[in-house]
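These are the residues of each chain, in order.
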Amino acid sequence: MGSSFGQLFRVSTFGESHGGGLGVIVDGCPPRLALDPEAIQAELDRRKPGQSRITTPRKEADRVEILSGLLDGVTLGTPIAMVVRNKDQRPGDYSEMAVAFRPSHADATYQAKYGIQARSGGGRASARETIGRVAAGAIAKQLLARAHGTEVIAWVKRIHTIEASSIDPASVTIEAVEGNIVRCPDAACAERMIERIEAIGREGDSCGGVIECVVRQAPVGLGMPVFDKLEADLAKAVMSLPATKGFEIGSGFAGTLLRGSQHNDAFLATEDGSLRTATNNSGGIQGGISNGETIVLRVAFKPTATIRKAQQTVTSSGEATVLEAKGRHDPCVLPRAVPMVEAMVALVLADHLLRQQAQCSLW
């Protein structure tokens, strides 16, 4: 049913937006990893609703319960099960949507595919499904940090037409990202972004934007040729997030405007023989394999589909109608999507790290 991701570090998420709860099973985490539950909770706090005036007002504590896989704070090597209980469901907000498809939402396609859908809150199509991903990603982050000192940081680069173009991926800090409610490390630009989100929200509308992510101290050699290239798996991971519509890495689409002589990353001689490049248009990945330089990627998010403006649509029986959606929805998903992007990137890297160890560490 498409609810599992990864090969050796494998996660399976479960639950619906307005069901009893949501969670994840993490299978393949190495044993004897000292795990900090508060670090997992901190990531969920960054993702949870109701955290600021520019997010959905739904109030959920999103406290994580770790049900298995740990002994005295250390992983056993067995499946780690985590769950978050839903507390603030309001199914009544979706009574009108039970018969009318929300434009650009998953209602119509879920109904067409399965012949049934969890209409309340969007079910599995809701961004609330990402609770399990973020919890699992927090474990992957701790694994990567212990194994290689790897750091994964994402931030909001653009909201609607307002772009923070002066951010240096090599030096941006998590403190700067978390320094404001829109999660943009450019403080001046962040204020303009917040004003734009609020203005659009007051009109009953929504907006999208771009999240940028950097991976520092990524291990060399992650990724496999042909079908399992690292950037291909990263693309699949982040594009599986709700509302995503575009992905690019390194120079991305801008690289198409350059000549090969301008785009190529020249190799530099090093004393220890490690790979280094003079530039990083490749975004830290060449031939589908990480080269040790920082990995830089960007993800485009569309405007939130559920809005309060009147929209033309049809009912489940095919009759034309007009829908003015109710319920509690983010006017812009990007501030809460930052930890989601980090989580999916970390999950890919953790999985490929174990695959690299399995294939290439015997001799």
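Provided above is the structure to which this section pertains.
Below: a short report on this structure. Worth saying up front: this structure is predicted, and the values here are computed from it rather than measured. Throughout, a residue's number is its position along its own chain's written sequence, starting from 1. Per-residue local features of the predicted model are confined to residues with pLDDT of at least 70, and side-chain atom pairs are confined, for both listing and counting, to 80 or more; whole-chain, interface and lining totals are unaffected and use all residues. The side-chain figures draw on all heavy atoms in the structure; neither hydrogens nor water molecules are used.

Quick word on the sheet that holds strand β7 (residues 80-85)
Turning to step 1, where the next piece is worked out: The strand order β1-β2-β3-β7-β4 describes an open sheet built from five strands, whose pairing is antiparallel. Across the chains shown, the open sheet's two edge strands, defined by having one partner strand only, are β1 (4-5) and β4 (64-66).
Turning to step 2, where the next piece is worked out: Between two residues, a contact is recorded if the distance between any of their heavy atoms is within 4.5 Å. Here, axes are lines fitted to C-alpha atoms. For helices the fit covers the stretch in contact, and angles between N-to-C directions go from 0 to 180 degrees. Segments assigned H or I by DSSP are reported as helices when at least four residues long, segments assigned E as strands when at least two residues long, and all are numbered from the N terminus. Of the strands in this sheet, β4 and β7 touch helix α1 (residues 37-47), which is tilted by about 150° from β4.
Turning to step 3, where the next piece is worked out: The strands touched by helix α3 (residues 130-148) are β2 (10-15), β3 (21-27) and β7; relative to β3, the strand with the most contacts, the crossing angle is about 35°. By the convention used here, strands pair only if DSSP detects at least 2 bridges between them.

Some remarks on the pattern of salt bridges
Turning to step 1, where the next piece is worked out: Within this document, salt bridges are pairs made up of a side-chain nitrogen of Lys or Arg and a carboxyl oxygen of Asp or Glu, the two lying within 4 Å of each other. Scanning the model with the defined rule gives 24 salt bridges in all.
Turning to step 2, where the next piece is worked out: With a closest N to O distance of 3.4 Å, Glu43 and Lys141 form a salt bridge. Of this pair, Glu43 sits in helix α1 while Lys141 sits in helix α3, and the two are 98 residues apart along the sequence. Take Glu43 and Lys141: they sit in the same class, and that class is buried. Note on exposure labels: buried denotes an accessible area under 20% of the residue type's maximum, exposed denotes more than 50%, and partly exposed covers the range between, all computed with a 1.4 Å probe on protein chains only.

Let's talk about the environment of Ser12
Turning to step 1, where the next piece is worked out: Within the fold, Ser12 resides in strand β2.
Turning to step 2, where the next piece is worked out: Exposure remark for Ser12: the relative accessible area of 25% places this residue in the partly exposed category.
Turning to step 3, where the next piece is worked out: With 334 residues separating them along the chain, Ser12 and Ala346 place their C-alpha atoms 15 Å apart.
Turning to step 4, where the next piece is worked out: Setting aside anything within four residues of it in sequence, one finds Ser12 in contact with Ser3, Ser4, Gly23, Val24 and Ile25.
Turning to step 5, where the next piece is worked out: A polar contact of 2.5 Å, which involves the side chain of Ser12, links it to the side chain of Ser4. By the criterion applied in these results, polar contacts are pairs of N or O atoms within 3.5 Å in which, for protein atoms, one can donate a hydrogen and the other can accept it, and in which residues neighboring in sequence qualify only through two side-chain atoms.

Describing the packing of aromatic side chains
Turning to step 1, where the next piece is worked out: Note on ring pairs: Phe, Tyr and Trp rings are taken, using the six-membered ring of Trp, and paired if centres are within 6.5 Å. Classes follow the plane angle, with under 30 degrees stacked, over 60 edge-to-face and the rest tilted. For the structure on display, the rule yields one aromatic pair.
Turning to step 2, where the next piece is worked out: When the centroid spacing of 5.9 Å and the interplanar angle of 70° are considered together, the rings of Tyr110 and Tyr114 count as edge-to-face. Of the two residues, Tyr110 and Tyr114 both sit in helix α2 (residues 107-114), four residues apart, roughly one turn of that helix.
Turning to step 3, where the next piece is worked out: A ring has a charge above it when a Lys NZ or an Arg CZ is no more than 6 Å from the ring centre and no more than 35 degrees off the ring normal. The cationic tip of Lys113 hangs over the ring face of Tyr114; the distance from NZ or CZ to the ring centre is 5.5 Å.

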